[in-house]
Amino acid sequence: MGPLLTVGHRGLMGVEPENTLRSFRRARREGLDAVELDLHLSRDGTLVVMHDARVDRTTDGRGAIAELSLGELRRLDAGLGERVPTVREVVTEIGGHLQLEIKDVAAARELAALVAACDLGGRVTVISFHDTALAAFAEELPGVPRGLVTGTSTATAPERAAALGCGLVSCELAWLTPEVVERCRAAGLEVLGWTVNTDRELARARQLGLDGVVTDRPEIVREVRAAA
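Source: prediction; values computed, not measured.

What counts and how
Residues numbered from 1 in each chain as written. Predicted model: local features only at pLDDT ≥ 70, side-chain atom pairs only at ≥ 80, totals over all residues. Heavy atoms only, no water. Helix = DSSP H or I, 4+ residues; strand = E, 2+ residues; numbered from the N terminus. Contact = heavy atoms within 4.5 Å. Core = buried A, V, L, I, M, F, W, Y, C linked by side-chain atoms within 4.5 Å. Buried < 20%, exposed > 50% of the residue type's maximum accessible area, 1.4 Å probe, protein only. Arc of directions from axis to C-beta.

Student: Help me out: how do you make sense of the environment of R225 in this one?
Tutor: Here R225 lies in helix 9 (residues 218-227). Residues R225 and F24, 201 residues apart in the sequence, show an inter-C-alpha distance of 19 Å. Setting aside its immediate chain neighbours within four residues, R225 contacts E30 and G31.

Here's what the structure looks like:
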């Protein structure tokens with residue numbers, strides 16, 4: 001097996017404000033193989049980058065993203081003076097491979113339009129916890145790689161991912177077992193584990209024979225590269 005793939009969680013949220021251009025640039029500087037980010041639709045239909053459905057936790061504002069215009073979102077401080085980025089900004093300014101996490105069908109269809117317009121099929125993987133969102137994206141762009149994300153439902157990940165035509169699963173490390181990994185292998189799926197932030201978690205990922213890890217921490221990337 002080759003070296004572990006490293007995926008930056010919301011950029012590198014352990015050391016930078018999550019889901020900001022600053023965080024994504026840091027992930028690139030630290031040499032991660034891919035960057036993961038989360039998408040929501042603003043009130044006026046723009047794909048913006050944020051994990052939660054509300055802005056309260058990660059900005060100085062309040063309210064649901066779906067109830068705020070892009071202009072209102074752009075006035076918020078997302079940490080250290082960073083602004084809430086649009087997905088178009090990220091794909092334009094941040095090179096390399098991106099894992100784009102969608103939360104619902106509406107965002108899936110809007111993302112499909114953006115991926116097609118910007119010819120991004122070769123540098124993105126669309127991921128989601130939600131089977132319906134992945135299926136909706138696949139209806140629009142079946143050739144773009146997709147991945148199923150799972151937490152407590154990890155035991156069903158291999159079969160669900162295969163049924164959806166996914167090429168990978170990204171599973172919460174605590175719920176991954178050798179038996180689940182074996183079933184993923186039988187289904188031809190790559191297996192990533194999240195979130196791997198300690199030496200102990202990295203050792204478990206290696207013990208399970210995972211293909212990659214999702215991390216918040218630059219030191220995990222350095223350890224993976226040193227071992228390789």
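Student: Please explain the nonpolar core as it appears in this structure.
Tutor: Soluble globular proteins tend to bury their nonpolar side chains together. L37, L98, L111 and F137 are the most contacted members of the largest nonpolar core, which has 32 residues in total. Sorting the residues of this core by element identifies helix 1 (21-29), strand 2 (34-41), strand 3 (47-49), helix 3 (87-93), strand 4 (97-101), helix 4 (105-117), strand 5 (124-128) and helix 5 (131-140) as the ones contributing at least two each. Looking at this core, the element that brings in the most residues is helix 4, giving 6 residues. If sequence neighbours within four positions are ignored, L37 has contacts with N19, F24, V49, V90, L98, Q99, L100 and E101. In this structure, L164, L189, L202 and V213 belong to the second largest nonpolar core, which totals 24 residues.

Student: So what exactly am I meant to see when it comes to helix 8 (residues 199-208) here?
Tutor: An α-helical segment advances 3.6 residues per turn. Residues three or four places apart therefore align on the same side. Burial in helix 8 covers these residues: L202, A205 and L208. For helix 8, the arc enclosing every buried residue in end-on projection is 125 degrees, short of the 170-degree limit, so these residues lie on one face. Exposed residues pointing more than 90 degrees away from the buried face of helix 8 are listed as R200 and Q207. Tucked into the core, helix 8 has its buried residues touching helix 7 (178-186), strand 9 (212-215) and helix 9. At the C-terminal side of helix 8, G209 shows a positive phi close to 70 degrees.

Student: Teacher, can you tell me more about the side chain of S128 here?
Tutor: Locating S128 in the fold gives a position in strand 5. The class for S128 is buried, based on a relative accessible area of 0%. When sequence neighbours within four positions are dropped, the list of residues in contact with S128 reads E101, I102, A133, L134, G147, L148 and V149.

Honestly, that's just the spatial picture; any functional story needs more than this.
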